[in-house]
Amino acid sequence: MPVIKHTTYIMAPIARCFDLARNVEIHTKTTAKTNEKAVAGVKTGLLNLGDSITWEATHFGFKQKLTAKIIEMNMPFRFVDVMVKGAFHSFTHTHEFVECDTGTKMTDTFEYKAPFGFVGIIADKLFLEKYMRNFILVRADELKKIAETKHV
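This is a predicted model, so every value here is computed, not measured. (Residues numbered from 1 in each chain as written. Predicted model: local features only at pLDDT ≥ 70, side-chain atom pairs only at ≥ 80, totals over all residues. Heavy atoms only, no water.)

This next bit is on the overall build of the chain. Of regular secondary structure, the chain possesses three helices and seven strands. Against the compact-globule benchmark of 15 Å for 152 residues, the chain has a radius of gyration of 15 Å, which places it among compact chains. Seen through its C-alpha atoms, the chain measures out along the principal axes to roughly 45 × 30 × 25 Å. Across the chain, every contact between residues at least 6 apart in sequence was considered, and the portion connecting residues at least 24 apart equals 48%. Carbon and sulfur atoms provide 60% of the accessible area of the chain, an area that totals close to 8400 Å². One way to put it: in the chain the 21 positive side-chain charges average out to a point 5 Å from where the 17 negative ones average out. (Helix = DSSP H or I, 4+ residues; strand = E, 2+ residues; numbered from the N terminus. Rg over C-alpha atoms; globule rule 2.2 N^0.38 Å. Contact = heavy atoms within 4.5 Å. Areas by Shrake-Rupley, 256 points an atom, 1.4 Å probe, with all protein chains shown as cover. Lys, Arg positive; Asp, Glu negative; His and termini not counted. Charge placed at Lys NZ, Arg CZ, Asp CG, Glu CD.)

Attention now moves to the pairing of strand β5 (residues 78-85). Consecutive residues of a regular strand have side chains that alternate between opposite faces of the sheet. In this structure, strand β4 (residues 62-74) lies alongside β5, joined through seven bridges in antiparallel fashion. Bridging from a neighbouring strand, E72 pairs with V80 of β5. Between β4 and β5, which pair antiparallel and follow one another directly, the connecting turn spans three residues. Inspection of the sheet shows β5 paired to strand β6 (residues 90-100) by five bridges, in the antiparallel sense. Directly across from V82, in β6, lies its bridge partner T92. Counting the residues in the hairpin turn of β5 and β6 gives four residues. (Pairing = 2+ DSSP bridges.)

Bringing the side chain of E36 into the picture now. By the element assignment, E36 lies in the loop between α2 (24-30) and β2 (37-41). Here E36 is buried and forms no salt bridge, its nearest opposite-charge partner R139 lying at an N-O distance of 6.5 Å. Side-chain polar atoms of E36 contact the side chain of H27, separated by 2.6 Å. Beyond its immediate sequence surroundings of up to four residues, E36 is in contact with H27, T28, T31, W55, E56, A57, H59 and F135. (Buried < 20%, exposed > 50% of the residue type's maximum accessible area, 1.4 Å probe, protein only. Salt bridge = Lys/Arg side-chain N within 4 Å of Asp/Glu carboxyl O. Polar contact = N/O pair within 3.5 Å; in protein donor to acceptor, adjacent residues only side chain to side chain.)

Let us look at the sheet that holds β5. Reading across from one edge, β1-β7-β6-β5-β4-β3-β2 is the order of the seven strands in this open sheet, with antiparallel pairing throughout. Edge positions in the open sheet fall to β1 (3-10) and β2, since each of these has one partner strand only. Direction aside, neighbouring strands of the sheet carry axes that sit 25 degrees apart on average. When strand β3 (residues 52-59) meets β4, the two strands line up antiparallel, connected through eight bridges. In the strand pairing of β4, T54 is matched with T67. Contacts from helix α1 (residues 14-21) reach β1, β4, β5, β6 and β7 (103-113) within the one sheet, and its direction differs from that of β6 by about 160 degrees. Strands in contact with helix α3 (residues 117-147) are β1, β3, β6 and β7; relative to β1, the strand with the most contacts, it is inclined by about 20 degrees. (Axes fitted to C-alpha atoms, helices over the stretch in contact; angles between N-to-C directions.)

The buried count for β7 comes to eight of eleven residues, which makes it a mostly enclosed element. Where β1 meets β7, eight bridges bridge the pair, whose relative direction is antiparallel. The residue of β7 that forms the bridge with V3 is E111. As paired elements, β6 and β7 share eleven bridges and run antiparallel to each other. Within β7, the position partnered with E96 by the bridge is T107.

As far as function goes, none of this settles anything; it's purely spatial.
Shown next, in the form of structure tokens:
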């Protein structure tokens with residue numbers, strides 16, 4: 001099962017980073033390249049423990065839907081979402097936040113299993129892992145930009 005781990009240092013308070021990371025509208029802004037939008041479940045505001053959300057996005061030229069559920073929440077340090085329906089065989093996305101002297105260290109850990117058995121394993125090695133790593137990195141960088149501005 002591939003594991004993608006990415007850490008970003010953000011010059012903003014931990015509570016701000018935590019709330020931005022679980023904000024539906026901010027998620028939409030940070031995933032603009034894939035046209036992600038909430039279409040079912042919680043569609044606005046902050047995601048909380050037990051909440052489910054269905055995202056619709058365009059990946060690899062195809063419109064796809066994915067439903068995730070928040071299964072763990074320890075404010076403002078950690079929350080975990082898992083896929084309950086979607087293109088992957090499975091995934092778990094752990095969001096962790098550590099307060100530092102002048103900001104917050106945000107770490108995304110994305111563990112997933114590609115669909116389609118052996119074909120999925122090949123696809124993962126050829127392009128999927130690189131694609132998902134870039135997706136996580138871009139989203140984190142966009143969240144950092146938003147968190148470090150005074151307007152949101």
